[in-house]
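Descriptive analysis of the structure
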Amino acid sequence: MKKVLTYLKPYAIRMLFGFTIKMLGTFMDLGLPWVLAYILDEVIPYHEVSRILLWGLAMILLSIGARTFNIWANRMAAKVARNTTERLRHDLFEKILSLSGNQLDYYTIPSLESRMTSDTYNIHSMIGMMQRIGVRAPIILIGGIIITSTLEPVLTLVLVGVLPFLALIVYLVSKKGIPLYMVQQLAVDKMVRVVRENITGVRVIKALSKTAYEKERFEQINSEVVKKELKAGSTMAITNPVMNLVFNAGLTLVIIVGAYRVNSGMSAPGKIVAFLSYFTIMLQAVMAITRIFVVYSKASASAARIAEVLNAPEDLRILSAEELEAMISQEAAKDQEAQEGKTCQTYQTGQEVQRGQDAQTSHEGQQDKDLKAADDLGYEDKTEESEYHITFHHVNFAYTKEPCIIDMDFGIKRGGTLGIIGSTGSGKTTLINLLMRFYDVTSGSITIDGEDIRCMDKQQLRKKFGVVFQNDVLFADRIYENISFGRDISAEMAQEAIAHAQAADFIEALDEKLDYKLTIKGSNLSGGQKQRLLVARALAGKPEILILDDSSSALDYRTDSLLRKAIRENYTNTTTIVIAQRISSVMKLDHILVMEDGQMAGYGTHEELLASCEVYKEIYQSQLMS
Amino acid sequence: MAGNTGRSKISDKTDKPRDTKYVLRRLWAYIYRYKFLVALALLLTIASNMLALIGPMLSGYAIDAIQPGKGLVIFQKVFYYAFWMIVFYIISSALSYLLSVLMIRISQKMVKRMREDLFKKLVELPVGFFDRYQAGDIISRMSYDIDTINTSLSTDVVQILASIVTVAGSLIMMIVISPELVLVMLITIPLSILYTRYMAKKVRPLFRKRSAKLGELNGFVEEMVSGQKTIKAYAAENSIMDRFDHLNTETVDAYYDAEYYGSMTGPTVNFINNLSLSLITVFGAILYLFGHMTLGNISSFVQYSRKFSGPINEAANIISELQSAAAAAERVFRLMDEAPELADKPDAKVLDEVKGEVALEGVSFGYVPDRVIIKNLFLHAKPGSLTAIVGPTGAGKTTIINLLMRFYDVWSGNIFVDSIETRELTRQSLRKSYAMVLQDTWLFQGTIFDNIAYGKENATMEEVVAAAKMAGMHSYIMRLPEGYQTLVNEDGMNISKGQKQLLTIARAMLLDAKMLILDEATSNVDTRTEIKIQKAMRKLMEQKTCFVIAHRLSTIQGADNILVVDQGNVVEQGTHQELMEKKGFYYRLYHSQFE
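Rules used throughout
Residues numbered from 1 in each chain as written. Chains lettered and ligands numbered in written order. Predicted model: local features only at pLDDT ≥ 70, side-chain atom pairs only at ≥ 80, totals over all residues. Helix = DSSP H or I, 4+ residues; strand = E, 2+ residues; numbered from the N terminus. Buried ≥ 20, exposed ≤ 12 C-beta atoms within 10 Å, placed from the backbone. Contact = placed C-beta atoms within 7 Å. Pairing = 2+ DSSP bridges. Axes fitted to C-alpha atoms, helices over the stretch in contact; angles between N-to-C directions. Core = buried A, V, L, I, M, F, W, Y, C linked by C-beta atoms within 7 Å. Domains from an automatic or database assignment. pLDDT = per-residue confidence, 0-100. Parallel < 35°, antiparallel > 145°, perpendicular 65-115°, else oblique. Nonpolar A, V, L, I, M, F, W, Y, C, P; charged D, E, K, R; others polar. Left-handed = near helix turned anticlockwise from the far one by under 90°.

Side note on the overall build of chain B
- When helices and strands are tallied, chain B shows 21 helices and 12 strands.
- Looking at the 595 residues of chain B, the share that counts as buried comes to 45%.
- Across chain B, the fraction of contacts at a sequence separation of at least 24, relative to all contacts at a separation of at least 6, is 79%.

Structural data, given as structure tokens:
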């Protein structure tokens, strides 16, 4: 809550002003029963109608004043809520866009979405309500007690005596009820999930004739929801009747105590009438507080969830040359240590070491050179390997503990092409995540034109790329916007990219062509059309580096080969990385990297690999049987 | 999927909203089911509200017994009335609690019933329905709309009745106390009504706009957060941020606009209350002055006037709630009215002891009336044969599967299984005779065991393990923290695409069906894993009739019959050898992979 409250700071003066106005308005509200008592007890004995009318006019003026001031204050409150929410949401969204892959995995996308939406709404309604009712209720309570004690101190004690009971009821019921609602919400979520599963799995369910089973599954969860709702509802339903009872009992007590006071000449009956009015007003205030209680507890949970994201440390910082150096020497020291102690490197588990050692023996010659390079801390490499556009220097990486990438060491020349092939989970996509700096390497380094990517501005780094991810997304926008995507890309450039991506046919067939509006996630296009559009987006703007991650799986062989040809012929200056399942997608590329279990199982041209790499041969033979 | 037409919402706007009578009649059917409970609830409402009305009257009498001046209070009367006040208040509170619980019970019963009816309908709807309509839309009917109806029924109905009792009762009480003073209401009631109407006109559109903007922002956020990686990859943060800021400002402005007017309500309602208090005080005091009224009368009157104006101020809220409930009910009933899958013929046969011979004769079909996708298709698959379906994307390959499984019915022509026309069979027995692995893997939240065993009732652990082994999944599963008891998340987020595919393959392996459908089933599995699967599948395919859609030519080369589909037509049919010799479409397709 603290973090969110800081967003209110700039409005402190405005809120204070609003608070003052609110107080004025509320005191006018409270003045009315006082005048009522005054008329009944003091004015009537004069037997002058004009006096009564005069005081009556005062009451009406108070009413008008109360309304004006309260509306004024409410509008100011709405403005504060509006501005606060706007800024909070802006910052939150900005932060979400900047989260690293690690952080995204940690929070998960659905959770971030709900923080962005329902949590910010909860905060908005809390800020508004706090200022409107949250301020009014205490003023009424305190102001009411002050005014009534000037009127009749003993009766005030009765009133004050009732309040703790009301507070206790509110506290007890909410304490019991709110957790019940949370449990109920969980059950509702479960029910929604069952419905969703039934919608997405309709073919499977029908094919397996599981309709009856699913009905029963739903019935169970439905009963559970109802049971929980009943329990929560019945608990919360206690509040109003009991509060009414306590309040009415207080009223009765006022009459009895009042009777004694009047009898002893200490009070007048008009005051009792006024007291009954105060009682009503103050009860309403207490009831409002119960509502605020619920809103507040919801909002404070939301605030915590929002603050968690806002306070997330900036991951993937841009490093200065010194910091980088320090990091590298630290790594080297660690390596040294590891080698001396003849134990495994810190990021390797037992099983992994075995594999790592196998790899070492098979690339012994290269290994020697590599060890030297590591000693030189990578800096000499810059000049040595400047012919390379992209270089991976002994890169190791783990998402959590299990290493995913082990000792990746290769380079791609400018305009060169690299194919990556390997089984699912072998780390192909992870390489791209590292290259684009969605994650940072655990050790080793990646350079582009000799510069460590950790030292580059992230936006500048990513502007070098045109990329299609696995399961990439399209946005609910026109085709043109999906291709230009915030970049400076003319319609002609887009058309060109579309032609190269083999998407011209289907886009031309659309009535609106480039203006065709996609639905959310591009659901009004077929899988193949989506992939071609994604490729067009990557090609547009002729990127320095093009990455295609499994981006032709929904294309037939013919379209796939036309696409490859178009890229080969038109993007000669673009360094291209293609991740694929099919050998035919990568066999014509300059080099092919074969990955297995996060390691390089082979690297070379198609012919070289066929001659030397068992894994590659196996894949090749399985795909080409003739 | 119906091509490029996209998914739409269930027709809310196409035909005019059905008359309210229809919605009410349907709702009434639900209410009528619990008529005794409802009647009891109504009785309780009337009783508790009438009792609550007695309180102020008694307090007036008590105040009258308090004569101004020392020693003039008639304590006996004061205590008498105070005693009865407490009694009535206790009874009234008890009744109102009973009423709340009763109403919750009734509405929960009704909601449960409604959800069940809706779900039953849902599972009976044809597959085509789900191809056309958004999942989110259906889910919101199931949860949000039914909840809206529920809230409205459980609170508004009682509220309305309570209001009527309160308004009528307080009015009668006020007339009894002082008919002259009731005239004050001639000023405050029209004021309330005018204000309510003004607000309805002015504010409702603003609130509607607010909801619309909110929805827009939600949609935007959902889209952008899920595309975060892509946005970063294209360094499009700034342009997205600009769009977001624009939308965000619009949303908070819409909120502010609605609140600017909305924030008038509380103070204005207060004002009307205060105004009537002022007027009652003034005229009450004058009447008191001339001895037409006692102090107790004024006190009771003030209390009744507050009770009286409460419901009138609430009326606007209740009306708008009822309207949204009616709209929600209409959306729910519209879904309930969707046509279910055509019932099986009354004399439909149960397909058993399947041999697995499938034949299509002159089949034509399309998803939308004027767009034919399959034209006059003939196909014959002998028991145990392998039919491969190949062709460019979007050529209509999955359509054939939809027809075989009777997810859709043919326009013309016939499909036979073991020489029986499939429309003469029960759908259940027909579908059970196929094992199927689809392109879109479907897993539900449950353990890996549950997901594999889904198709076979009472499957044993041994069977599941055997199936997993055949799919090459067993060692992977055993490496998971809880093995076969590992929970698969919604959408299977915690396992990779390839593994998901393997799980659904394992599921199909467990079935003892005579026919097998593979819809690009292995396209997400890497080649090495696929070799393992194919080996196992060969075993599974023995003595099974198989229909395989695949991009991989290696799969197809071993097929007994290859259907080459292009633009909805089967352009060629034959074995790999025959088709290669023919040097036609298939020949070109085959060679394009080496270009």
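What follows picks up the thread again.
Quick notes on the overall build of chain A
- Looking only at helices and strands, one finds 23 helices and 10 strands in chain A.
- Expressed as a percentage of its 626 residues, the buried residues of chain A come to 46%.
- Nonlocal contacts in chain A, meaning residues at least 24 apart in sequence, comprise 75% of its contacts between residues at least 6 apart.

Comments concerning unusual backbone geometry
- Phi is positive for A:Asp407, close to 50°, though the residue is something other than glycine.
- Take A:Asp407: it is sitting in strand β2 (residues 403-413).
- With a phi close to 55°, B:Arg406 is a non-glycine residue in the positive phi region.
- Secondary-structure assignment places B:Arg406 in the loop between α12 (397-404) and β4 (412-417).

Let's talk about the environment of B:Gly584
Residues and elements named next belong to chain B.
- With respect to the element layout, Gly584 can be found in the loop between α20 (576-582) and α21 (585-592).
- The partly exposed category is assigned to Gly584, around which 14 C-beta atoms lie within 10 Å.
- Counting along the chain gives 12 residues from Gly584 to Glu572, while the straight-line C-alpha distance between them is 8.1 Å.
- Apart from the residues within four sequence positions on either side, Gly584 is in contact with Glu572 and Leu579.

Re the interface of chain A and chain B
- Between chain A and chain B, the residue contacts involve 138 residues of the former and 128 residues of the latter.
- When residues of the side of chain A that touches chain B are assigned to their parent elements, the largest contribution, 24 residues, is made by helix α3 (residues 49-98) of chain A.

Details of the sheet that holds β4(B)
All names here are of chain B.
- Across the sheet, which stays open at both edges, the 4 strands sit in the order β2-β1-β4-β5 with antiparallel pairing between neighbours. What marks the edges here is a single partner per strand, and that holds for β2 (374-381) and β5 (420-421).
- Here strand β1 (residues 358-365) pairs with β2 via 5 bridges, running antiparallel. When the sheet's bridge partners are listed, Leu360 is paired in β2 with Leu379.
- In this fold α12 packs onto β1, β2 and β4, with an angle of close to 115° to the strand it touches most, β1.

Comments concerning the sheet that holds strand β4 (residues 443-448) of chain A
Residue and element names in this part refer to chain A.
- Taken together, the 4 strands give an open sheet; going across it, the order is β2-β1-β4-β5, and neighbouring strands pair in antiparallel fashion. Across the chains shown, the open sheet's two edge strands, defined by having one partner strand only, are β2 and β5 (451-452).
- Strand direction decides the pairing type here: strand β1 (residues 388-398) and β4, joined by 5 bridges, are antiparallel. Considered in β4, the bridge of Thr391 is made with Thr447.
- Helix-sheet contacts for helix α15 (residues 428-435) involve β1, β2 and β4, and the interaxial angle to β2 is about 65°.

Observations concerning the environment of A:Gly528
Residues and elements named next belong to chain A.
- Turning to its location among the elements, Gly528 is positioned in helix α20 (residues 527-539).
- Residue Gly528 is classed as buried on the basis of its 21 C-beta neighbours within 10 Å.
- The spatial distance from the C-alpha of Gly528 to the C-alpha of Asp556 is 8.3 Å, given a sequence separation of 28 residues.

Observations concerning the nonpolar core
- One finds A:Val273, A:Phe279 and A:Ala536 to be the most contacted residues of the largest nonpolar core, which totals 200 residues.
- Per-element accounting of this core gives the leading share, 16 residues, to helix α10 (residues 269-310) of chain A.
- Mapping this core onto the domain boundaries places at least three of its residues in each of domain 1 (2-310) and domain 3 (385-625) of chain A.
- Apart from the residues within four sequence positions on either side, A:Ala536 is in contact with A:Ile483, A:Ala497, A:Ile498, A:Ala501 and A:Ala503.
- Core analysis: the next-biggest nonpolar cluster, separate from the first, contains 118 residues, A:Val202, B:Leu118, B:Ile146 and B:Ile401 among them.

Observations concerning the pairing of β4(B)
Residue and element names in this part refer to chain B.
- Bridging between β1 and β4 involves 5 bridges; their strand directions are antiparallel. Within β4, the residue paired with Val358 across the bridge is Val417.
- Bridge count between β4 and β5: 2 bridges; the pairing is antiparallel. The residue bridging Phe416 from the neighbouring strand is Glu421, located in β5.
- The loop that links β4 with its antiparallel partner β5 comprises 2 residues; one of these, Asp418, has a positive phi angle of about 50°.

With respect to the environment of A:Ser223
- When you line up the elements, A:Ser223 lands in helix α8 (residues 211-236).
- Residues A:Ser223 and A:Met191, 32 residues apart in the sequence, show an inter-C-alpha distance of 9.9 Å.

Considerations on the confidence of the model for chain B
Residue and element names in this part refer to chain B.
- For chain B, the mean per-residue pLDDT works out to 80, and 87% of the residues sit at or above 70.
- Ranking the elements of chain B by mean pLDDT puts helix α18 (residues 527-541) last with 63 and β4 first with 90.
- Under a pLDDT of 50 for its full length, residues 1-17 has, in the predicted model, 26 contacts with residues more than four places off or in other chains.
- Prediction confidence for the complex, expressed as pTM and ipTM, is 0.67 and 0.77 respectively.

Looking at the packing of helix α6 (residues 153-200) of chain A against helix α9 (residues 239-263) of chain A
Residue and element names in this part refer to chain A.
- Interhelical geometry of α6 versus α9 gives an angle of 170° and a closest axis separation of 9 Å. Taken together, the axes of α6 and α9 are roughly antiparallel relative to one another. Touching Val154, Leu155, Val158, Leu159, Val162, Phe165, Leu166, Ile169 and Val173 of α6 are Thr239, Val242, Met243, Val246, Phe247, Gly250, Leu253, Val254, Val257, Gly258 and Arg261, all from α9.
- Residue composition of the contact of α6 with α9, grouped by class: 16 nonpolar, 3 polar and 1 charged.

Points about the packing of helix α2 (residues 35-65) of chain B against helix α3 (residues 75-124) of chain B
Residues and elements named next belong to chain B.
- With their axes 8 Å apart at the nearest point, α2 and α3 run at an angle of 160° to one another. When the interaxial angle is binned, α2 and α3 end up roughly antiparallel. The handedness of the crossing between α2 and α3 comes out as left-handed.

Concerning the confidence of the model for chain A
Residue and element names in this part refer to chain A.
- Per-residue pLDDT for chain A averages 80, and the proportion of residues at 70 or more is 89%.
- The least confident element of chain A is helix α12 (residues 350-362), whose mean pLDDT is 40; the most confident is α3, at 90.
- Under a pLDDT of 50 for its full length, residues 341-385 has, in the predicted model, 38 contacts with residues more than four places off or in other chains.

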